[in-house]
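Analysis of the macromolecular model
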There are 2 protein chains.
Amino acid sequence: MSRTLDEVAKSAGVSRSTVSRVINDHPSVSDETRAKVQAAIEQCGYRPNAVARSLATNRTNILGMVVPESVTKLFTDPYFPLMLRGATEACNRRGYHLILSLFTASVESSIMHDRIARSGYLDGLIAANASLDDKLIPGLFAEGIPFVNIGRHPDDRVNYVDVDNRGGARMATEHLVRLGHKRIAMIGGPADMTPAQDRLDGYLEVMSTHRLPASKGLIAEGDFTEAGGRAAMLELLAENPTAVFAASDSMAVGAVKAIRAQGLRIPDDVAIVGFDDIPSARTVDPELTTIRQPIERIGQLAVEMLINVIDGKAAEGNMAATQRFVLPTELIVRGSCGSS
Amino acid sequence: MSRTLDEVAKSAGVSRSTVSRVINDHPSVSDETRAKVQAAIEQCGYRPNAVARSLATNRTNILGMVVPESVTKLFTDPYFPLMLRGATEACNRRGYHLILSLFTASVESSIMHDRIARSGYLDGLIAANASLDDKLIPGLFAEGIPFVNIGRHPDDRVNYVDVDNRGGARMATEHLVRLGHKRIAMIGGPADMTPAQDRLDGYLEVMSTHRLPASKGLIAEGDFTEAGGRAAMLELLAENPTAVFAASDSMAVGAVKAIRAQGLRIPDDVAIVGFDDIPSARTVDPELTTIRQPIERIGQLAVEMLINVIDGKAAEGNMAATQRFVLPTELIVRGSCGSS
DNA sequence: TTGTACGCGTTATCAT
DNA sequence: ATGATAACGCGTACAA
C-alpha cells in the first residue's frame, strides 16, 4: 500500500528529514542527495500521506462549499453547477480539494454546522449565497474559521464576491424603457436574498427615474424557479404589462410559458428580459435577452479569495483587511424584446 | 481555538484514554466518570480533531465523487445536481463528507488522479458515469481504492449502481408503438457511454420485435445536451418520422424546438418521448412523456454501497463480493405523445 | 548540508 | 474500570 517517509529514507540511505526536505522543495539540500532521494521516491512509488501532513502542518488544503437549506432547493438551477464547476476548477489549479455540503432537512443544521465548521478538516469555506438571516455566517465568526460568502453581506467583516446585480437590473430595465415600454413589470426573487433585493432596487431606480409606474401590481415575487416564474407571470398578466424583467432566466423561461399560455406573443405582445445568461437562455424560443453574470468566474474567484484569506490569516495574524469583489454584469440582447 | 483531549482530561481529573473512551462510546467506563467527563467536554467546548483521529484510525470519513472530463461538460444537466444532492444527502445521514472532483482540461488528468486517489484523504470514491474506456477505473484498481461506479461496467470486479436503461428504452418505444407509430426515430447519446448504448439497444429490440424499420437514417447520435438534441432532430426530420425517442430529456427539449422550428406540431405531427424525468420535463410545452429514473436515489445508493464496500473491506479483507444494484425505470405519460 | 528529537491529537495495546 | 505508553506519518526547530 502506502510507503512511508522512513522506507524511502532507508532505501536512499539518508534520514527521514532529508526526504521530507526534498519533497517540500526545501532549498538546503545538495543536488546529489536530492537526485538520490528523488530516485528512491520514484522507485518506492512513494506518496506523502496527506492526513499525517495535515496533522503536522495544521493545514488540510481542503475547502468547504456550504449550501444553506433555503438554497439547496434551487440546486438544480444551472447557476449552481456552473458556479461549482468554476470553484472546482480553481481548486484543481491551486491544489486544493472541495468538500460539498448541502444542508438538507434530514439532518439538523446544528449538527451539520458542527461537522462542517468544527471538524478540523476544512481550511476555510465558501458560503453559497447565505441569506441575510442565515445563522450560518454568525456561526462562522464565532468559530473563527475563514470564509467567503457568495453575495454581498452587510456585516463589515464578511469577505464576499458578488456581481453588480443592481447595475444589471438597471441595464435590463433601461433596455426595455429604450424600446418604448411604459408598463414594465418585474418578477422578483425571495426577499431575503440579496441578489433579489438588488435586482429589485435596480428596477425601481430606473422606473422612478423615468417616472414610470412601479405599483404593487406590477411586481410579483417568484422563487427563482421556473414554476415560480410562471405563477408570478400569471398574476402580472392581469395588469397588462407590455414588458417584464425577470430576476432570473429560469423564472423568465417560466414567464415565457405563462405568456404563451394566454395566447400572447413574445416579443410582440410582451417583451421579456431575464438575468443570469444560463445555457437555456440561448435555447428558449425566442432566445432570451438577459443580463449575463460570469457564473463560473464567481466560483473561481470565491476560492481564490478564500485561499488569500487563509494565507493572509496565517501570515499576519488576524489583521488582514476584509476582501470584497464585485463582478460586472452585461446586457445580452437577443430576440425576446424585439429588435432595438 | 480547538481544545485537546489532554485539556479535557486534566479538567476532568482523568486520563486522556478515559476521555477518548467516553467520546467513542466505549462500554467499559463507569457511569460516574462518564458523566464527569461529559461535563468537562461541554465546558471546554471540546471537539475531536478529525485529522488526528484519521491518522490514528486510518479512516477519514471522506468520500470522493469524481467526474470524468467527458462528463464534466454535461455537468449543468439537471441530472448531476440531482444525483449530487442525493449523494450529499446520504453522506449527511451517515456522517460522511463528500469531496467533489471534476476533471477539467486545465489540469492534467494524471495529476488529478494522483491527488484524488493517492492523497490518503479518501476512504473511497464514486465514479460518476465513467465511460468504458476511461482510464480512471483501471487506475482505481491498480491503486486498490474502494469505489463504486454509476452506470454498469463490464469488468467483473466493478461495483456499480445503474438503472434499467434498456428496460426504460423498451417501455418508451413500446409506448410509441402502442400509439400506432411506425416510423419511430431515435436520438441516442455518445456511443462510449453505457446508458446511451443500453437505451439504443432497448429501442432496437422493440423495433425489431415489431418488425419496424430502424435504419441508419432513423437513428441520430446526440451528446445529451439540448443543442445536440436539436441538431440531431434536424437530421432526423428529413426521414419524416412520426415519433421520436430521445435518450435524455435535455435532448428531447432540443428536439421539440427543432420540430417546432419546422412548423410541425407536437404531438400531432411528431410524438416525442424522453428519458430522465428531470424537472424541465414538466415545464416544457407540451409536457414531456418520459422514462423516469430515480436520480437522487442513484446518488444515495452509490454512497451507501460505497460505505458498505469500505466497511466490508475493513472487515473481511478483500473477500467481499462485488456489489451491484439496478434501479427500475418507469414510464411517465404526459402530453408529448398524444393521449393513449 | 544533514541528522536528531520532539510535537501534532487521536486511537489502541497492555498493564494495573 | 482506568492509566501509562506506543503507534499513526510527517514537519521542523535545533544541533552537529
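Within any chain, residue numbers begin from 1 and follow the written order of that chain's sequence. Here every chain gets a letter starting at A, and every ligand a number starting at 1, in the order they are written. At least 70 in pLDDT is required for a residue's local features to be given in this predicted model, at least 80 for side-chain atom pairs to be given and counted, and no such filter applies to totals for whole chains, interfaces and linings, which use all residues. Water and hydrogen atoms play no part in the side-chain values, which are based on all heavy atoms of the structure.

1. Let's talk about the pattern of salt bridges
The test is simple: Salt-bridge detection follows one rule: a side-chain nitrogen of Lys or Arg within 4 Å of a carboxyl oxygen of Asp or Glu. Only DSSP runs of H or I covering at least 4 residues are called helices, and only runs of E covering at least 2 are called strands; the numbering of each starts at the N terminus.
Following the criterion strictly, the structure yields 46 salt bridges over all chains and no others. Note that Asp123 of chain A and Arg59 of chain A form a salt bridge whose closest N and O atoms lie 3.7 Å from each other. Here Asp123 of chain A, found in the loop between α7 (109-118) and β3 (124-127), pairs with Arg59 of chain A, found in the loop between α4 (50-57) and β1 (62-67); they are 64 residues apart in sequence, far enough to count as distant. One salt bridge connects Glu7 of chain B with Arg3 of chain B, and the closest N-O pair in it is separated by 2.4 Å. Among the charged side chains, a salt-bridge network with shared partners connects Asp277, Arg282, Glu287, Arg292, Glu330 and Arg334 of chain A.

2. A word on the packing of aromatic side chains
Residues and elements named next belong to chain A. Our working rule: Classification of ring pairs uses Phe, Tyr and Trp, with its six-membered ring standing for Trp, and accepts pairs whose centres are within 6.5 Å; under 30 degrees between planes counts as stacked, over 60 as edge-to-face, and the remaining range as tilted. Working definition: with a 1.4 Å probe on protein chains only, accessible area under 20% of the residue-type maximum means buried, over 50% means exposed, and in between means partly exposed.
Using the criterion set out here, one finds 8 aromatic pairs over all chains in the structure. Measuring from centroid to centroid gives 6.4 Å for Phe245 and Phe275, while their planes differ by 45 degrees, and the two rings are tilted. Remark: Phe275 occurs in strand β9 (residues 271-276) and Phe245 occurs in strand β8 (residues 243-246); sequence separation between them is 30 residues. The pair Phe245 / Phe275 is uniform in exposure class, with both members buried. Among the aromatic residues, those joined into a cluster by ring pairs are Phe75, Tyr79 and Phe80.

3. Focus on the domain arrangement of chain A
What counts, and what does not: What fixes the domain bounds is an automatic or database domain assignment.
Here chain A is described as being made up of domain 1 (2-57), domain 2 (62-163 + 296-328) and domain 3 (165-293 + 331-337). For domain 1 of chain A and domain 2 of chain A, the distance between their C-alpha centres works out to 34 Å.

4. Quick notes on the protein's contact with DNA strand C
Counted only if it meets this: Near residues are defined by distance, with any heavy atom within 4 Å of the molecule or strand qualifying the residue. Polar contact criterion, stated in full: a pair of N or O atoms within 3.5 Å, where within protein one must be able to donate a hydrogen and the other to accept it, and residues adjacent in sequence count only if both atoms are side-chain atoms. Charged residues are taken to be Asp, Glu, Lys and Arg, nonpolar residues to be Ala, Val, Leu, Ile, Met, Phe, Trp, Tyr, Cys and Pro, and polar residues to be all remaining types, Gly included.
The environment of DNA strand C is made up of 27 residues, and the closest members are Ser17 and Arg21 of chain A together with Leu5, Ser20 and Tyr46 of chain B. In DNA strand C, atoms within 4 Å of the protein come from the sugar-phosphate backbone in 57% of cases. Contact distances for DNA strand C include 3.3 Å between a base nitrogen and a side-chain N or O atom of Arg16 of chain A. Each residue belonging to the surface near DNA strand C can be placed in one class, and the counts come to 9 nonpolar, 12 polar and 6 charged.

5. With respect to a negative patch on the surface
Residues and elements named next belong to chain A. Applicable threshold: Here, patches come from residues exposed beyond 30% relative accessible area and free of salt bridges, joined within 9 Å for like charges and within 5 Å for nonpolar side chains (Val, Leu, Ile, Met, Phe, Trp, Tyr). Only the protein chains shown count as cover for residues, and all accessible areas are computed by the Shrake-Rupley method using a 1.4 Å probe. In this tally, Lys and Arg are treated as positive and Asp and Glu as negative; His is ignored, and so are the chain termini. Charge coordinates come from a single atom per side chain, which is NZ of Lys, CZ of Arg, CG of Asp or CD of Glu.
Residues Asp133, Asp192, Glu221 and Asp223 make up a contiguous surface patch of negative charge. Inspection of the secondary structure puts Asp192 in the loop between β6 (184-188) and α10 (194-209). Here Asp192 falls in the partly exposed class, since its relative accessible area comes to 34%.

6. A short note on the sheet that holds strand β10 (residues 289-292) of chain B
Each strand in a sheet pairs with another by means of backbone hydrogen bonds, the pair being arranged parallel or else antiparallel. Residues and elements named next belong to chain B. Note the cut-off: Strand pairing follows a simple DSSP-based rule, namely that at least 2 bridges must link the two strands. Throughout, an axis means a line fitted to C-alpha atoms (over the contacting stretch in the case of helices), and angles, computed between N-to-C directions, take values from 0 to 180 degrees. Pairs of residues are marked as contacts when any of their non-hydrogen atoms sit within 4.5 Å.
Pairing within the open sheet is mixed, and its 6 strands lie in the order β7-β6-β8-β9-β10-β12. If you trace the sheet from one side to the other, it starts and ends with β7 (219-221) and β12 (330-332), each paired once. If you compare each strand with its neighbour and ignore which way they point, the axes differ by 20 degrees on average. As paired strands, strand β9 (residues 271-276) and β10 are joined by 4 bridges and run parallel to one another. Its bridge partner lying in β10, Val273 is registered against Thr289. Where helix α12 (residues 249-261) meets the sheet, its contacts fall on β6 (184-188), β8 (243-246), β9 and β10, and the angle it forms with β9 comes to roughly 155 degrees.

7. Description of the relation of the copies chain A and chain B
Spelled out, the test is: Superposing the copies works by least squares over the C-alpha atoms of residues that have pLDDT at least 70 in both of them.
Of the transformation superimposing chain A on chain B, the axial component is 0.0 Å and the angular component is 180 degrees, with the fit at an RMSD of 0.1 Å. As the rotation angle and translation indicate, the two copies are arranged about a two-fold axis. No C-alpha of chain A approaches the rotation axis more nearly than that of Ile99 of chain A, which lies at 2.1 Å.

8. Points about the protein's contact with DNA strand D
The environment of DNA strand D is made up of 26 residues, and the closest members are Leu5 and Tyr46 of chain A together with Thr18, Arg21 and Thr33 of chain B. Among atoms of DNA strand D positioned within 4 Å of the protein, sugar and phosphate together represent 57%. The residue inventory of the surface near DNA strand D, partitioned by class, reads 9 nonpolar, 12 polar and 5 charged.

9. A word on the nonpolar core
In plain terms, the rule: The nonpolar core is taken to be a set of buried Ala, Val, Leu, Ile, Met, Phe, Trp, Tyr and Cys residues, with the residues joined through side-chain atoms within 4.5 Å.
One finds Met65 of chain A together with Met65 of chain B to be the most contacted residues of the largest nonpolar core, which totals 160 residues. Ignoring anything within four residues of it in the chain, the contact list for Met65 of chain A reads Met83, Leu84, Ala87, Leu98, Ile99, Leu100, Ser101, Ile126 and Ala128 of chain A. Formed by 44 residues, the second largest nonpolar core is a distinct cluster that contains Ala50 and Val107 of chain A together with Phe103 and Ile145 of chain B.

10. Quick notes on the side chain of His175 of chain B
You can see His175 of chain B is positioned in helix α9 (residues 165-178). Within the local environment of His175 of chain B, its side chain forms a polar contact with the side chain of Arg178 of chain B, the two groups lying 3.2 Å apart.

11. Quick word on the packing of helix α2 (residues 16-23) of chain A against helix α3 (residues 31-44) of chain A
All names here are of chain A. Worth spelling out the cut-off: Convention used here: angles under 35 degrees read as roughly parallel, angles over 145 as roughly antiparallel, angles from 65 to 115 as roughly perpendicular, and any remaining angle as oblique.
Two numbers describe how α2 lies on α3: the axes approach to 10 Å, and their chain directions differ by 90 degrees. One way to sum up the angle between α2 and α3 is to call them roughly perpendicular. Residues Thr18, Val19, Val22 and Ile23 of α2 pack against Arg34, Val37, Gln38 and Ile41 of α3. Looking at the contact of α2 with α3, its residues break down into 5 nonpolar, 2 polar and 1 charged.

12. Some thoughts on α9 of chain B
All names here are of chain B. The condition is simple: Helix span is expected to be 1.5 Å times the residue number reduced by one.
Between the first and last C-alpha of α9 there are 20 Å, a value that for 14 residues agrees with the 20 Å anticipated at 1.5 Å per step. Looking only at α9, the buried set comprises Asn165, Gly167, Gly168, Ala169, Ala172, Thr173, His175, Leu176 and Val177. Following α9 by one or two positions, Gly180 adopts a phi angle in the positive range, close to 95 degrees.

13. Quick notes on unusual backbone geometry
Residue and element names in this part refer to chain A. Residue Pro267 is bonded to the preceding Ile266 through a cis peptide linkage, with omega at 5 degrees. Turning to its location among the elements, Pro267 is positioned in the loop between α12 (249-261) and β9. You will see that Asp277, though not glycine, has its phi angle at about 60 degrees, which is positive. Within the element layout of this structure, Asp277 appears in the loop between β9 and β10 (289-292).

14. Structural notes on the environment of Pro267 of chain B
Considered as a pair, Pro267 of chain B and Ser336 of chain B are 69 residues apart in the sequence and their alpha carbons are 5.3 Å apart. If near-sequence neighbours (up to four positions away) are discounted, Pro267 of chain B is found in contact with Gly335, Ser336, Cys337 and Gly338 of chain B.

15. Things to note about the interface of chain A and chain B
Selection criterion: By buried area we mean the combined loss of accessible area, with a 1.4 Å probe, across both parts when two parts are placed together.
Each partner contributes to the interface: chain A provides 47 residues, whereas chain B provides 47 residues. When the two sides are added together, the surface that chain A and chain B hide from each other amounts to roughly 4500 Å², 61% of it contributed by carbon and sulfur. Contact with chain B buries area across many residues of chain A, yet Asn92, His97 and Tyr121 of chain A alone supply 15% of it, more than any other trio. Taken together, chain A and chain B are joined by 2 salt bridges. Measuring nitrogen to oxygen at the nearest pair gives 3.9 Å for the salt bridge that ties Arg47 of chain B to Asp114 of chain A. Joining chain A to chain B, the criterion identifies 26 residue pairs in polar contact (both at pLDDT 80 or more). Those elements that provide at least two residues to the side of chain A that touches chain B are α4, α6 (79-94), β2 (97-102), α7 and α11 (226-237) of chain A. Top contributing element to the side of chain A that touches chain B by residue count: α6 of chain A, with 8 residues. In terms of residue class, the side of chain A that touches chain B is made up of 20 nonpolar, 15 polar and 12 charged.

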